[in-house]
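Secondary and tertiary structure notes
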Amino acid sequence: MHIAIIGTGYVGLVTGTCFAEFGVEVTCVDKDEGKITSLLEGKIPIYEPGLEELVKKNINDGRLRFTTDLKEGVKDALAVFIAVGTPPREDGSADLSHVLQVAEEISQCMDGYKVIVTKSTVPVGTGEEVRKVFSKHLPEDRFDIASNPEFLREGSAIEDFMRPDRIIIGAETEQARAILRDLYRPLYLIETPFVFTNIATAELIKYASNAFLATKITYINEMANLCEQIGGDVHVVAKAMGLDGRIGSKFLRAGPGYGGSCFPKDTLALLNISRKLGYPSKIVESVVEVNEAQKQRAYVKIKDILGGDVKGKVVALLGLAFKPNTDDFRESPAEVIVNGIREDGGTVRAFDPAAMEQARESLGEDGITYCENSYEAVTGADVMVIVTEWNQFRLLDLGKCKDLLKSPNLVDLRNVYEPDATRALGYTYTSIGRV
Ligand SMILES: NC(=O)c1ccc[n+]([C@@H]2O[C@H](COP(=O)([O-])OP(=O)(O)OC[C@H]3O[C@@H](n4cnc5c(N)ncnc54)[C@H](O)[C@@H]3O)[C@@H](O)[C@H]2O)c1
């Protein structure tokens, strides 16, 4: 089978590469010429563990191709996946212009029956919008529309794609369901659960899942804030809660608020959808509000440890990406922290193992020194802050850091160090929800 993936970002590149690994012939299309040129040279434009090897292998095996020419890409493809971005608009709703633009372009290049599959995260009703685009130009029997939302996590995207918890397929004809079932046969064989449903339900499942996970994170953050009031330990609270099979232990790690390219925009989009339907989700509304406050709270912890005055102080930030094992800086809590420090007259020394370039693009150079490693970052700083829990920050030589810092202050926004042991080394130590 030959398929095309339109949009070769985090989702499109992983999806295309993994389908090629399953034995499918894949053409990945992107309008970004620089990205496609890099890929054709075997260079991967994103940081994702294991991806580079898999891309190279499948290019060499002749199953994975890249092009900027959409017409050439979709030629002979039985399924065309739309995996372009759906960024938030000012009002929080998802911007569908890329999706609808791509739909329009594909509809002009139909050389036979195709199933058009939306993999981008899109509001309920988008499948219908895409159908209208195709209906303008083509009879109903020349195409089907389907929804196949993606749940991969950056940092473990390949494993998530190859061994997902479930596959969601929203489709309204037997032919579309059969093609998608066939495409995902390798996962069917390893007994991955498949949920077949209509398109609107599939679209809602993605938002419902992401908003629920964002709620879980936000909930434990609130419990952490309460722990700080009562002298409790959020690690123990989370562990004890997680032992209850009805709750589960995942997504119960307190921190500086969720970020990334999905949870912030998807919670806002769900809120927008629910408002338009006349049933605004009070839960999601609170989650968005509490999460924003949590990011600010993280900055206030830094300010507090500096005696309430950041002016003229140097803050070492270890980690900039919104989570470990990715170079994605979108909506990272680090952004709120850096802006707070700069507004209050302080400067930043920062290091991240993968996200330096992305951070630099977004934050610029003003008031920030980008460092080569953790020890360089903490040198001469008034406080060190663990912003992202990369493995390499879990076992830092804290004795050496103490010698390099101007003052032994540590703000641990990811709770990777033990409060008592860190204080015993002579640090003034703050965490999230552990006293
Ligand atoms: N990143 C994630 O972890 C993740 C996980 C699940 C779902 N999603 C969803 O998947 C979608 C894509 O996310 P992403 O992170 O891969 O985005 P991305 O920004 O990394 O990639 C999108 C790509 O689409 C390309 N593009 C835009 N318009 C195009 C056009 N007209 N023709 C060809 N290419 C075009 C862009 O150049 C870009 O390379 C979003 O809806 C997102 O919410 C993302």
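Residues numbered from 1 in each chain as written. Predicted model: local features only at pLDDT ≥ 70, side-chain atom pairs only at ≥ 80, totals over all residues. Heavy atoms only, no water.

1. A short note on the overall build of the protein chain
Helix and strand counts for the protein chain stand at 18 helices and 14 strands. Since a compact globule built from 435 residues should have a radius of gyration of about 22 Å, the 23 Å found for the protein chain is in line with a globular shape. Buried residues in the protein chain amount to 54% of all 435 residues. Partitioning the contacts of the protein chain with sequence separation of at least 6, the portion at a separation of at least 24 is 73%. For the protein chain, the accessible area works out to roughly 19,000 Å², and carbon and sulfur atoms hold 51% of it. Distance from the positive charge centre (50 side chains) to the negative charge centre (64 side chains) of the protein chain: 3 Å. (Helix = DSSP H or I, 4+ residues; strand = E, 2+ residues; numbered from the N terminus. Rg over C-alpha atoms; globule rule 2.2 N^0.38 Å. Buried < 20%, exposed > 50% of the residue type's maximum accessible area, 1.4 Å probe, protein only. Contact = heavy atoms within 4.5 Å. Areas by Shrake-Rupley, 256 points an atom, 1.4 Å probe, with all protein chains shown as cover. Lys, Arg positive; Asp, Glu negative; His and termini not counted. Charge placed at Lys NZ, Arg CZ, Asp CG, Glu CD.)

2. A short note on the sheet that holds strand β14 (residues 428-430)
Adjacent strands of a sheet form backbone hydrogen bonds with each other and so pair up, either parallel or antiparallel. The six strands lie next to each other as β11-β10-β9-β12-β13-β14, forming an open sheet whose pairing is parallel. Lying at the two open borders of the sheet, with one neighbouring strand each, are β11 (368-370) and β14. The sheet shows a mean angle of 20 degrees between the axes of neighbouring strands, taken without regard to direction. As judged from the three bridges shared by strand β13 (residues 409-412) and β14, these two strands associate in the parallel manner. When the sheet's bridge partners are listed, Asn409 is paired in β14 with Thr428. Most of the contacts of helix α15 (residues 356-363) go to β11, to which it runs at about 160 degrees, and overall it touches β10 (347-351) and β11. (Pairing = 2+ DSSP bridges. Axes fitted to C-alpha atoms, helices over the stretch in contact; angles between N-to-C directions.)

3. Concerning the sheet that holds strand β7 (residues 167-171)
Ordered by their spatial adjacency, eight strands build an open sheet running β3-β2-β1-β4-β5-β6-β7-β8, and the pairing between neighbours is mixed. Pairing within the sheet leaves two strands with one partner each, and these edge strands are β3 (64-67) and β8 (194-197). Going from strand to strand, the sheet's axes swing by 25 degrees on average, the running direction of each strand aside. For β7 and β8, the ladder comprises four bridges, and the chain directions are parallel.

4. Details of the site of the ligand
Looking at the ligand, there are 27 residues lining it, with Asp30, Lys35, Thr86, Glu154 and Lys265 nearest. Within the contact set of the ligand, an oxygen atom lies 3.2 Å away from a side-chain nitrogen or oxygen of Arg330. Within the complex, 90% of the 830 Å² of free accessible area of the ligand lies under protein. Top element by residues in the shell around the ligand is helix α5 (residues 97-107). It accounts for three residues. Looking at side-chain class alone, the shell around the ligand contains eight nonpolar, 10 polar and nine charged residues. (Near = heavy atom within 4 Å. Polar contact = N/O pair within 3.5 Å; in protein donor to acceptor, adjacent residues only side chain to side chain. Nonpolar A, V, L, I, M, F, W, Y, C, P; charged D, E, K, R; others polar.)

5. Re the pairing of strand β9 (residues 314-318)
A large share of β9 lies buried, amounting to five of its five residues. Residues Val314, Ala316 and Leu318 line one face of β9 and the alternating positions Val315 and Leu317 line the opposite face, and both faces are buried. Two elements, β9 and β10, share five bridges in a ladder whose sense is parallel. Looking at β10, one finds that Leu317 is bridged to Ala350. The parallel pair β9 and β10 is bridged by helix α14 (residues 333-343), and the resulting crossover is right-handed. (Right-handed = clockwise from strand over helix to strand, strands pointing away.)

6. As for the nonpolar core
Leu317, Ile337, Met384, Val385, Ile386 and Leu396 are the most contacted members of the largest nonpolar core, which totals 60 residues. Broken down by element, this core gets its largest block of residues, five residues, from β9. Excluding anything up to four places from it in sequence, Leu396 contacts Leu318, Ser374, Tyr375, Met384, Ile386, Cys401 and Tyr417. (Core = buried A, V, L, I, M, F, W, Y, C linked by side-chain atoms within 4.5 Å.)

7. Digging into the packing of aromatic side chains
According to the stated counting rule, one finds 14 aromatic pairs in the structure shown. Relative to Phe81, the ring of Phe19 has its centre 5.5 Å away and its plane inclined at 40 degrees; by these criteria the two rings are tilted. Taken together, the positions of Phe19 in helix α1 (residues 10-21) and Phe81 in strand β4 (residues 79-82) put the pair 62 residues apart, joining distant regions of the chain. Of the residues examined, Phe81 reaches a relative accessible area of 0% and is grouped as buried. Consider the rings of Phe194 and Phe196, whose centres lie 6.1 Å apart with planes at 25 degrees: the pair is stacked. Its relative accessible area of 15% is what places Phe194 among the buried residues. Three or more aromatic residues joined by ring pairs form one cluster here, namely Phe19, Phe22, Phe81, Phe161, Tyr184, Tyr188, Phe194 and Phe196. When the ring centre of Phe151 is taken as origin, the NZ or CZ atom of Arg166, which lies over that ring, is 3.7 Å away. The residue whose ring lies beneath Lys400 is Tyr375, and the NZ or CZ to ring-centre distance is 4.1 Å. (Phe/Tyr/Trp six-rings, centres within 6.5 Å; stacked < 30°, edge-to-face > 60°. Lys NZ or Arg CZ within 6 Å of the ring centre and 35° of its normal.)

8. Description of the environment of His235
Within the secondary structure layout, His235 lies in helix α11 (residues 234-242). Using a relative accessible area of 29% as the deciding quantity, one classes His235 as partly exposed. For the pair His235 and Gly433, spaced 198 residues apart in the sequence, the C-alpha separation amounts to 7.9 Å. Dropping the residues within four chain positions of it, His235 is found in contact with Arg253, Asn415 and Arg434.

9. Remarks on the side chain of Asn409
Among the secondary structure elements, Asn409 is positioned in strand β13. Not counting residues up to four positions away in its chain, the partners in contact with Asn409 are Ile305, Leu306, Asp382, Val383, Met384, Tyr427 and Thr428.

10. Describing the pattern of salt bridges
Pairing is possible between side chains that carry opposite charge, provided their charged atoms lie close to one another. Applying the stated criterion across every chain, the model contains 29 salt bridges. Between Lys57 and Glu21 there is a salt bridge, and its shortest N-O distance comes to 2.9 Å. Within this pair, whereas Lys57 is found in helix α3 (residues 51-60), its partner Glu21 is found in helix α1, the two being separated by 36 residues in sequence. Among the ionic pairs, Glu129 bridges to Lys132, the shortest N-O distance being 3.5 Å. One end of the pair is Glu129 and the other is Lys132, both in helix α6 (residues 126-137) and three residues apart, which spans about a single turn. Using a relative accessible area of 33% as the deciding quantity, one classes Glu129 as partly exposed. Beyond isolated ion pairs, a larger network of salt bridges with shared partners links Glu128, Arg131 and Glu172. (Salt bridge = Lys/Arg side-chain N within 4 Å of Asp/Glu carboxyl O.)

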